[in-house]
Amino acid sequence: MSGRVLVGVKRVIDYAVKIRVKPDNTGVVTDGVKHSMNPFCEIAVEEAVKLKEKKLIKEVVAVSCGPQQSQETIRTALAMGADRGIHVDVSGKDYENLGPLQVSKILAALAKQEDAQLILLGKQAIDDDCNQTGQMTAALLDWPQGTFASEVSLEGDKINLVREIDGGLEHIKINTPAVITADLRLNTPRYATLPNIMKAKKKKIATVKPADLGVDVTSRLEVLKVEEPPQRQAGMKVETVEDLVVKLKEAGRV
Amino acid sequence: MAALFKARRALSSFFTGCRSLSQLAELPETHQILRQTCRDYADRELSPIAARLDKEHVYPAKQIQELGAMGVMAMEVPEELGGAGMDYLAYSLAMEEISRGCASTGVVVSVNNSLYIGPILKFGTEEQKKQWIQPFTTGEKVGCFALSEPGNGSDAGAASTIAHQEGDEWVVNGTKAWITNSWDASAAIVFATTDKTLKHKGISAFLVPMPHPGLSLGKKEDKLGIRASSTANIILEDCRIPLGYMLGPRGSGFKIAMQTLDSGRIGIAAQALGIAQASLECAADYAHKRTAFGAPIGKLQAIQFKLADMAVAIESARLLTWKAALLRDSKKAFTKEAAMAKLAASEAATFCSHQAIQVLGGMGYVTDMPAERHYRDARITEIYEGTSEIQRLVIAGQLLKEYQL
């Protein structure tokens, strides 16, 4: 077992920013807007670094797919404790159309190339909320998947996982190599320490292109239109339950 | 294009060392990450509790330890001694972001870094560094700097605290006033005169553990601002310390104090910047949301001019602060620039916090909004670590030399 973990980190618009739709409705405004690492990816990095500190794995490799600026996100992962980074360079139209299927193909190719034992991802990105990359990556590699993980523990060559599901918590045991996606309560990501920020400068980030990995990033999806959600309408108060039923029937809800 | 790049590279290497003024235009990547990390910490962990810390006068012990774990409590200290091994530009950035979240936490960080650890790093023996710096890097212990006395603040050379030798001990007697961190500190650097006849050349610096027999604390001052940090008198009555606790050569205390304050000024300038920035953000946010006369008040020129003036004051002071830090990092003379930075930044802080209240109107006057706290926190920056008047004297002193007047 290589003891190597790949962690996917995505550069997204910062969670605190107020999102605005572009006037031409082709997307959201990203120019000059603050970006940061997807919060669920932060949790994934933290989990990987924790496993390394417990000496259960040997190396944490942070991976990001995107333009030049994705290197900043990788740098943040390095400052949190990842050992090295891989920047998969995708820019322009390819980047605008980049989605879970292409990213999973890239991650699967990298996992094979790097002989990874584990892939840790955030459960979803806060920009597209797809919640697909982990699942697709596992399927492409024919690896077991532990999604929405709120607890992870390694036991020999197996992984004990607690998953947050609608009905409660599910306990599963999966073989390695595997794909795990992190949910909110898995851990609390650390603030990078200043010495680690300095050390991160010396850690290596390799750049590759999707073509180098044999991946075609052409999208099969076409975004037709992006628009603001409808303005929230005012509610109304009713006096009795009967009135409520009448109103609901009128609105076609019942 | 290539020629331009070559010329720029040549120009930046003209400034010896790896520091260059191009860094004033854009920070190196490590510093950007550092700044963002400190900002995230301040936004998530300090801003939400700052009002309560101020109201209840509570020392932020947990936060200081968390900052210690990040390396913020000992930024310049080499890693072997447990510090972050970073430069003063990094320190200024961290100080500004921390203070933007909570000015009291900022001053605790500043005093520990610049006033306590600073002089020991510069003037201490290797043994003293291990004993007095290493335990003070994690945030579990903080130090303080005891120069001012009830009888003299700006007139630091007139120290009346006395240390006389008795066998293999120093015996210190006197009272120190306005000591930040006093109630939370585990050590102090105390300035006392070992020879009154030599006036300021007779002052020496001493390392005193806290608590210690013969050292007691006066009541905690009830201050206008930075209320989460403790300020009190330190009273020394036959306080006995080993001879080895003297810091630096005998009689060099005044020099140590002045050089220490030079660096400390950069930290306080950064603290003032944080308060000013927080005020600007508070005002800008309010101007965006508050409507009057049918539109957000940010559309009114009167408000816009205020915001613009605030931004100019902050950015000029910030560049002065960064320049002072860069000069210090390049081991060049920085006394004048540090004094200018502290003067500009503290006046920016009082100006911006004053105007922020004005923009907020009635809301600026009540504790529901942070503007009133920024106003109270800002005021001290024009006083401690050298009053604005002293800064002007320092700057003029340098100018007189430069212009040979």
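Residues numbered from 1 in each chain as written. Chains lettered and ligands numbered in written order. Predicted model: local features only at pLDDT ≥ 70, side-chain atom pairs only at ≥ 80, totals over all residues. Heavy atoms only, no water.

Labelled according to an unreviewed UniProt entry, chain B appears under the name Short-chain specific acyl-CoA dehydrogenase, mitochondrial, originating from Neolamprologus brichardi. We quote the UniProt Pathway (unreviewed entry) comment for chain B here in full: "Lipid metabolism; mitochondrial fatty acid beta-oxidation." (UniProt positions renumbered as here; feature names shortened; annotations may be inferred.)

Going by the annotation in an unreviewed UniProt entry, the name recorded for chain A is Electron transfer flavoprotein subunit beta, with Neolamprologus brichardi given as the source organism. Its UniProt record, at the heading Subcellular location (unreviewed entry), says of chain A: "Mitochondrion matrix".

1. Some details on the side chain of His212 of chain B
Residue and element names in this part refer to chain B. Within the secondary structure layout, His212 lies in the loop between β5 (203–209) and β6 (215–217). A distance of 2.8 Å separates a polar atom in the side chain of His212 from the backbone oxygen of Arg240. Beyond its immediate stretch of four places on either side in the chain, His212 contacts Cys239, Arg240 and Ile241. (Helix = DSSP H or I, 4+ residues; strand = E, 2+ residues; numbered from the N terminus. Polar contact = N/O pair within 3.5 Å; in protein donor to acceptor, adjacent residues only side chain to side chain. Contact = heavy atoms within 4.5 Å.)

2. Some details on unusual backbone geometry
Between Thr176 of chain A and the following residue, Pro177 of chain A, the backbone shows a cis peptide bond with an omega angle of 0 degrees. The residue Pro177 of chain A is located in the loop between β9 (168–175) and β10 (178–182) in this model. Cis geometry is adopted by the peptide bond preceding Pro211 of chain B, which originates at Met210 of chain B and carries an omega value of 0 degrees. Tracing the backbone shows Pro211 of chain B in the loop between β5 and β6. Of note, Asp129 of chain A is a non-glycine position whose phi angle comes to about 55 degrees, a positive value. Structurally, the position occupied by Asp129 of chain A is in the loop between β6 (118–122) and α5 (133–141).

3. Overview of the environment of Lys336 of chain B
All names here are of chain B. Relative to the assigned elements, Lys336 resides in helix α10 (residues 335–360). Considering only alpha carbons, one finds Lys336 and Leu236, 100 residues apart in sequence, at a separation of 34 Å. Not counting residues within four places of it along the chain, the set of residues in contact with Lys336 comprises Ile395, Gln398, Leu399 and Glu402. Reaching out from Lys336, the side chain makes a polar contact with the side chain of Glu402 at a distance of 2.9 Å.

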